[in-house]
Amino acid sequence: MKTSFIAKLAMLPLVAGLTACIPSPEDLETEPVKVQTPKGEVTCQLYRHDRVTWDRAINFPADKMSVPEADGYCRQEGQRRLK
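Residues numbered from 1 in each chain as written. Predicted model: local features only at pLDDT ≥ 70, side-chain atom pairs only at ≥ 80, totals over all residues. Heavy atoms only, no water.

**With respect to the state of the cysteines**
If you walk through the whole model with that rule in mind, you get one disulfide. Between the sulfur of Cys44 and that of Cys74 lies a disulfide, 2.1 Å long from S to S. The disulfide joining Cys44 to Cys74 has a torsion of about -80 degrees about its S-S bond and is therefore left-handed. Of this pair, Cys44 sits in strand S2 (residues 40–45) while Cys74 sits in helix H2 (residues 67–82), and the two are 30 residues apart along the sequence. Classification of Cys74 by relative accessible area gives buried; the value is 0%. (Disulfide = S-S within 2.5 Å. Helix = DSSP H or I, 4+ residues; strand = E, 2+ residues; numbered from the N terminus. Buried < 20%, exposed > 50% of the residue type's maximum accessible area, 1.4 Å probe, protein only.)

Set out below in structure tokens:
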């Protein structure tokens, strides 16, 4: 069974309207926070409490840690604040 072109065209405004309701990460940002770690200070961009997986490092001592490690500290801070 094929969907007609007219039916697909009629659904376009609905899909566009729903897509406009989905927030971008920038809409959910909090003020950056600084986290003290054994390797130095990491500045984290945290998001809503239910979006901990988006939390990331925006500044860190690059000579002492990797991006994934710095992001991990930020996710830990997001989890800590979630509790």
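Text resumes after the structure shown.
**Notes on H2**
Between its terminal C-alpha atoms H2 stretches 22 Å, which fits the 22 Å expected from 16 residues at 1.5 Å a residue. Along H2, the positions that sit buried rather than exposed are Ala70, Asp71, Tyr73, Cys74, Glu77 and Gly78. Around the axis of H2, the buried residues are gathered within 150 degrees of arc, so they sit on the same side. Turned more than 90 degrees away from the buried face of H2 sit Pro68, Gln76 and Arg80, all of them exposed. For H2, the secondary structure elements touched by its buried residues are strand S1 (33–37), S2 and strand S3 (56–59). (Expected span 1.5 Å × (residues − 1). Arc of directions from axis to C-beta. Contact = heavy atoms within 4.5 Å.)

**Structural notes on the sheet that holds S1**
The three strands are arranged S1-S2-S3 in an open sheet whose pairing can be described as antiparallel. A single partner strand is all that each edge strand has here, and the edge strands are S1 and S3. Across the sheet, the mean angle separating the axes of adjacent strands is 50 degrees when strand polarity is ignored. Summarising the sheet, S2 and S3 pair through three bridges and their orientation is antiparallel. The partner of Thr43 across the bridge, within S3, is Asn59. (Pairing = 2+ DSSP bridges. Axes fitted to C-alpha atoms, helices over the stretch in contact; angles between N-to-C directions.)

**Details of the environment of Lys64**
Along the chain, Lys64 falls in the loop between S3 and H2. In sequence terms Lys64 and Gly40 are 24 residues apart; their C-alpha atoms lie 7.9 Å from each other. The residues contacting Lys64, other than those within four sequence positions of it, are Lys39 and Glu69.

**Side note on the nonpolar core**
Among the nonpolar cores identified, the biggest contains ten residues, and these are Val33, Val35, Val42, Cys44, Leu46, Ala57, Met65, Ala70, Tyr73 and Cys74. The element contributing the most residues to this core is H2, with three residues. Apart from residues no more than four positions distant in its own chain, Tyr73 is found in contact with Thr37, Pro38 and Met65. (Core = buried A, V, L, I, M, F, W, Y, C linked by side-chain atoms within 4.5 Å.)

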